[in-house]
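Fold and geometry: a report
Letter by letter, the chains look like this.
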Amino acid sequence: MNRKTINKTVTVKGIGLHTGEPCSMTFKPSEDGFISFLRTDIKDAAPIKALAQNVCSTMRGTNLSNGKDQVHTVEHVLSAAHGLGITDLIVEMDGPEPPIMDGSSLPYAQAMQEAGFKEIPLPAPILTLNKDIEYKEGDIFYSARPASKLIFTFLFLRNHPLVNRQEYSFEYSQDGYLKQIAPARTFGFEEEIAFLRANGLAKGGRIDNCVIIQKDGFSVPLRFPDEMVRHKILDLLGDLKLTNKILGPMHITCHCGGHKTNVEFAKLMLKQSEE
């Protein structure tokens, strides 16, 4: 498999989920071997490579820094790139956080499709497993095992009558990603909203860009009966893109993980692959 970028520049616009600030985000072709974010609103800003070691915070999202500049909540953009097999990309942003769009990664993926794809005649780095690996943190559990295909299985548990248990397995393909994973929107629980806003988060949350789980219903109709666990897989794919490698055939299982542990598991996978 060769490396892959987009064929032309394409732009999306909107407001950030947590900052609430407007952002124009432009995807540009690249051949430097990385997905990088560049803050065009900061003078002399340097690119921020989407690498696990550049994660500076995982508070309700995955945030990156190059030691000077930061970008927030990048997991949906990275998920779209992962889902489409893109290895090289420059993401220019005139704000601190990508526009949340409809709360899923589908608008980003559609924009990248609109730009078209270009193969780079260099082999893509592949992350392969030579043994089973596991990671635990409290009740959170991850495993990755060699397999004949790339499969993700996620178990989502919550003490809530509407979404107390959701489990989903996804056998990776680009078409499957676009149909089964990319449309799943970000979500939150009604009782969390006040806390998030008191801590400077969810300022850009709107009825058209997230699903709020209420005591007896949802703020908007669901796209899938199990939309929450599908979105957790969407996030996982985004965070595992921080390995900067194409994942080889393996079965990745996650029970109740989130951004912090996703990133730790990405680091563990990288370490194992380099042994």
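These figures come from a predicted structure and were not determined experimentally. (Residues numbered from 1 in each chain as written. Predicted model: local features only at pLDDT ≥ 70, side-chain atom pairs only at ≥ 80, totals over all residues. Heavy atoms only, no water.)

1. Observations concerning the layout of surface pockets
Quantified by volume, the largest pocket comes out at close to 790 Å³. For the largest pocket, the lining is made up of 37 residues, of which R60, F187, G188, E192 and K232 are closest to its centre. Elements represented by at least two residues in the lining of the largest pocket include exactly α1 (75-83), β14 (151-157), β16 (187-189), α4 (193-198), α5 (227-240) and α6 (259-274). The class makeup of the residues in the lining of the largest pocket is 14 nonpolar, 14 polar and nine charged. Surrounding the second largest pocket, M1, N2, K4, H82, G85, I126, L150, Y172, Q174, I246, L247 and G248 form its lining. Put simply, the parts of the chain that give the lining of the second largest pocket at least two residues each are β1 (2-6) and β18 (246-247). The residue inventory of the lining of the second largest pocket, partitioned by class, reads six nonpolar, five polar and one charged. (1 Å grid on protein atoms, 1.4 Å probe; cavity = no way out; pocket = protein on both sides within 12 Å on 5 of 7 lines; lining within 4 Å. Points joined across faces, edges and corners; volume = space filled by probe spheres on them. Helix = DSSP H or I, 4+ residues; strand = E, 2+ residues; numbered from the N terminus. Nonpolar A, V, L, I, M, F, W, Y, C, P; charged D, E, K, R; others polar.)

2. Considerations on the pairing of strand β12 (residues 133-137)
Across five bridges, β12 lies against strand β13 (residues 140-146) in antiparallel orientation. By the bridge assignment, E134 is partnered in β13 with S143. Hairpin connection of β12 to β13: two residues between the antiparallel strands, including G138 at a positive phi of 65 degrees. (Pairing = 2+ DSSP bridges.)

3. Some details on the packing of aromatic side chains
Taken as a whole, this structure holds seven aromatic pairs when the rule is applied. For the ring pair Y135 and Y142, a centre distance of 6.0 Å and an interplane angle of 55 degrees mean the geometry is tilted. Both residues of the pair, Y135 and Y142, count as buried. Taken together through their ring pairs, the aromatic side chains of Y135, Y142 and F265 make up a single cluster. Lying across the ring of F189, R158 places its NZ or CZ 3.8 Å from the centre. (Phe/Tyr/Trp six-rings, centres within 6.5 Å; stacked < 30°, edge-to-face > 60°. Buried < 20%, exposed > 50% of the residue type's maximum accessible area, 1.4 Å probe, protein only. Lys NZ or Arg CZ within 6 Å of the ring centre and 35° of its normal.)

4. With respect to the side chain of R230
Within the secondary structure layout, R230 lies in helix α5. For R230, a relative accessible area of 11% translates into the label buried. At 2.7 Å, the side chain of R230 and the side chain of D226 are in polar contact. In contact with R230, not counting residues within four places along its chain, are Y168, Q180, I181, A184 and F224. (Polar contact = N/O pair within 3.5 Å; in protein donor to acceptor, adjacent residues only side chain to side chain. Contact = heavy atoms within 4.5 Å.)

Remember that the coordinates give geometry; whether it matters functionally is a separate question.
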